[in-house]
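# Summary of structural features
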Amino acid sequence: MVLNDDFKAAAFKKERIVQGFLSSVPERTVRVRVMGEQGYLTVKGIGNQSGTTRFEWEKEISMSEAEQLLNLCEPGVIDKERYFVKAATHIFEIDVFHQDNEGLVIAEIELGSEDESFLKPSWLGEEVTGKPKYYNSSLSTFPFKNWE
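Reading guide: rules and limits
- Residues numbered from 1 in each chain as written.
- Predicted model: local features only at pLDDT ≥ 70, side-chain atom pairs only at ≥ 80, totals over all residues.
- Heavy atoms only, no water.
- Helix = DSSP H or I, 4+ residues; strand = E, 2+ residues; numbered from the N terminus.
- Rg over C-alpha atoms; globule rule 2.2 N^0.38 Å.
- Buried < 20%, exposed > 50% of the residue type's maximum accessible area, 1.4 Å probe, protein only.
- Contact = heavy atoms within 4.5 Å.
- Areas by Shrake-Rupley, 256 points an atom, 1.4 Å probe, with all protein chains shown as cover.
- Pairing = 2+ DSSP bridges.
- Axes fitted to C-alpha atoms, helices over the stretch in contact; angles between N-to-C directions.
- Salt bridge = Lys/Arg side-chain N within 4 Å of Asp/Glu carboxyl O.

### Some details on the overall build of the protein chain
For the protein chain, the count of helices and strands is three helices and seven strands. Tracing the protein chain from N to C terminus, the helices and strands come up as α-β-β-β-β-α-β-β-β-α. What you see for the protein chain is a C-alpha radius of gyration of 15 Å, in line with the 15 Å of a compact globule of 148 residues. Seen through its C-alpha atoms, the protein chain measures out along the principal axes to roughly 40 × 35 × 35 Å. Taken over 148 residues, the protein chain has a buried fraction of 37%. Put simply, 51% of the contacts in the protein chain that link residues at least 6 apart link residues at least 24 apart. Accessible surface for the protein chain amounts to roughly 8800 Å². Of this, 50% is attributable to carbon and sulfur atoms.

Structural data, given as structure tokens:
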């Protein structure tokens, strides 16, 4: 989770992302994404016990293909802005959600291993790794606005 907007001043890039799910079952999530001017098709497998790693396959597709596939997706489109922030040798990707998930801000970092140490900026809050309700596939069916 992200505590405040301080990360925005350190961002070196920002992109809008719109995505939907052709399949949102945990064993095989299939996502269609438009990021900037590029489309992507992504398949993710079920995560390990801690939720820190899982199989992921991604392929670039044309904008036309992505737009056509978005029309086939399950209800609940994710709309967000992604900020990219360098912290020492890592890059945080911070997602600021809109529409039904307005108010939710989550940071993600790719590590070489589960126990790799990394710089934790002051704006970084509660760890939500492995909590399925924070997965985009879950947010598409049970959005942040419906949480208590």
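Having seen the model, we can carry on.
### A word on the sheet that holds strand E2 (residues 28-35)
As summarised here, the arrangement of the seven strands in space is E4-E3-E2-E1-E5-E6-E7, forming an open sheet in which the pairing is antiparallel. Whereas interior strands pair on both sides, the edge strands pair on one side only; in this sheet they are strand E4 (56-61) and strand E7 (105-109). Recorded for the sheet is a direction-independent mean angle of 30° between the axes of neighbouring strands. The sheet contact formed by E2 and strand E3 (residues 38-45) spans eight bridges and is antiparallel. Each residue of the ladder has a partner; that of Val 32, found in E3, is Leu 41.

### Notes on the pattern of salt bridges
A complete count under the given rule lists 11 salt bridges for this structure. A salt bridge links Lys 14 to Glu 81, with the nearest nitrogen and oxygen atoms 3.4 Å apart. Here Lys 14, found in strand E1 (residues 11-23), pairs with Glu 81, found in strand E5 (residues 78-87); they are 67 residues apart in sequence, far enough to count as distant. Since its relative accessible area comes to 48%, Lys 14 is described here as partly exposed. Ionic pairing is found between Lys 80 and Asp 95, a salt bridge with its closest N-O pair at 2.9 Å. On the criterion of sequence distance, the pair formed by Lys 80 in strand E5 and Asp 95 in strand E6 (residues 90-97) is long-range, its members being 15 residues apart.

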